Amino acid sequence: MAEHSGRADHAFPPPQREGLYRAIHERRDVRAQFLPDPVPPEVLARLLDAAHHAPSVGFMQPWDFLVIDSLEVRERVHRLFLQENERGAQQFSAERQQAYRRLKLEGILESPLNLCITCDRSRGDGPVLGRTSIVDTDLFSTCLAVQNLWLAARAEGIGLGWVSILDQQELATILDLPEQVYPLAYLCLGYVSEFLQQPELARSGWRQRLPLTELVHGNGWRQALADEALHEALQEVARPCQP
């Protein structure tokens, strides 16, 4: 009984817990639903604070945040996207290219605000605890800051879209980044007309969510779970989730 009581004492109250899972399941990569309404400074500050409280290996905190509200800068980034997007389209088959070109893959100019989250690969003053074997843990840590920001944005009713179709070296030049600073995530932020019930790529038929039960293994690759109750729980928890 004492163990169960301890777990209950540390758990969030049900409404707060449900709010967290709702943010996770309703988070979307927004491209086409942005409204022109500005994001209030106090809301943006909360989002950045959430990102800054992400975990990081060795507590290195390798991230910086570039708030981009200049139309001139965003137009330069948009031109870079158009160039890279055409290059990306040509890598698919002719039939797939048609579907690709119908997709809306960014909201650089439509969103009221852009944000670039960078990773300073020199941060940490010499060897960083926990980074001595896996050098890229600084990049992984910065991705966690992006996820914190994304979930907090959804809770605030703000859409966020990650523009990954960019040449990172040219983007670094546009943003005048130092050599050791990598532009990890270029993001579009703003209030939206709606959050889609399904991810846009699932709705368009480009790709569907994989069944969770096929992705959970026991003790080794492709080995069945020894715990049948866990297998049944995984099947049950997946039913109410959006695709």
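Details of the structure are given in the entry above.
Now for a quick tour of the structure. In this text the structure is predicted, and so the values were computed from the model without any measurement. (Residues numbered from 1 in each chain as written. Predicted model: local features only at pLDDT ≥ 70, side-chain atom pairs only at ≥ 80, totals over all residues. Heavy atoms only, no water.)

Tallying secondary structure elements over the protein gives nine helices and four strands in all. For the protein, the N- to C-terminal ordering of α and β elements is α-α-α-β-α-α-β-α-β-α-β-α-α. Oriented by its inertia axes, the alpha-carbon framework of the protein measures out at about 60 × 50 × 40 Å. Per-residue burial over the protein gives 35% buried out of 243 residues. Counting only contacts in the protein whose residues sit at least 6 apart along the sequence, the fraction spanning at least 24 positions is 79%. Carbon together with sulfur atoms contributes 53% to the accessible area of the protein, which is approximately 14,800 Å² in total. (Helix = DSSP H or I, 4+ residues; strand = E, 2+ residues; numbered from the N terminus. Buried < 20%, exposed > 50% of the residue type's maximum accessible area, 1.4 Å probe, protein only. Contact = heavy atoms within 4.5 Å. Areas by Shrake-Rupley, 256 points an atom, 1.4 Å probe, with all protein chains shown as cover.)

When you tally the buried positions in strand β2 (residues 113–120), you get eight out of eight residues, the bulk of the element. In β2, alternate side chains face the same way, and those of L113, L115, I117 and C119 on one face and N114, C116, T118 and D120 on the other are all buried. As paired strands, strand β1 (residues 63–68) and β2 are joined by six bridges and run antiparallel to one another. Paired with D64 across the strands is T118, a residue of β2. Of the pairings in the sheet, the one linking β2 to strand β4 (residues 181–191) comprises eight bridges and is antiparallel in character. Residue pairing across strands places D120 opposite V181, the latter belonging to β4. (Pairing = 2+ DSSP bridges.)

Where helix α4 (residues 71–89) contacts helix α5 (residues 94–102), the axes come no closer than 10 Å and their chain directions differ by 155°. Taken together, α4 and α5 sit at an angle that is classed as roughly antiparallel. Counted together, N85, E86, G88 and A89 of α4 and Q97, Y100 and R101 of α5 form the full contact between these two elements. For the contact of α4 with α5, the per-class residue count stands at two nonpolar, three polar and two charged. (Axes fitted to C-alpha atoms, helices over the stretch in contact; angles between N-to-C directions. Parallel < 35°, antiparallel > 145°, perpendicular 65-115°, else oblique. Nonpolar A, V, L, I, M, F, W, Y, C, P; charged D, E, K, R; others polar.)

To continue, consider helix α3 (residues 41–52). Compared with an ideal rise of 1.5 Å per residue, which puts 12 residues at 16 Å, α3 spans 16 Å between its outermost C-alpha atoms and is within 8% of the ideal. Restricting attention to buried positions, one finds in α3 the residues V43, L44, L47, L48 and A51. What you see down the axis of α3 is that its buried residues fit within an arc of 135°, all on one side. Residues of α3 that are buried make contact with β1, β2, α6 (137–155), β3 (158–163) and β4. (Expected span 1.5 Å × (residues − 1). Arc of directions from axis to C-beta.)

Let us now look at the environment of S164. Relative to the helices and strands, S164 resides in the loop between β3 and α7 (168–174). As for S164 and E42, which are separated by 122 residues in sequence, their C-alpha atoms are 27 Å apart.

Scanning the entire structure with this criterion turns up zero disulfides. Unpaired in this structure, C143 has its nearest cysteine sulfur neighbour in C119, at a distance of 8.6 Å. Here C188 stays free of any disulfide, with the sulfur of C116 as its closest cysteine sulfur at 11 Å. A relative accessible area of 1% means that C188 is categorised as buried. (Disulfide = S-S within 2.5 Å.)

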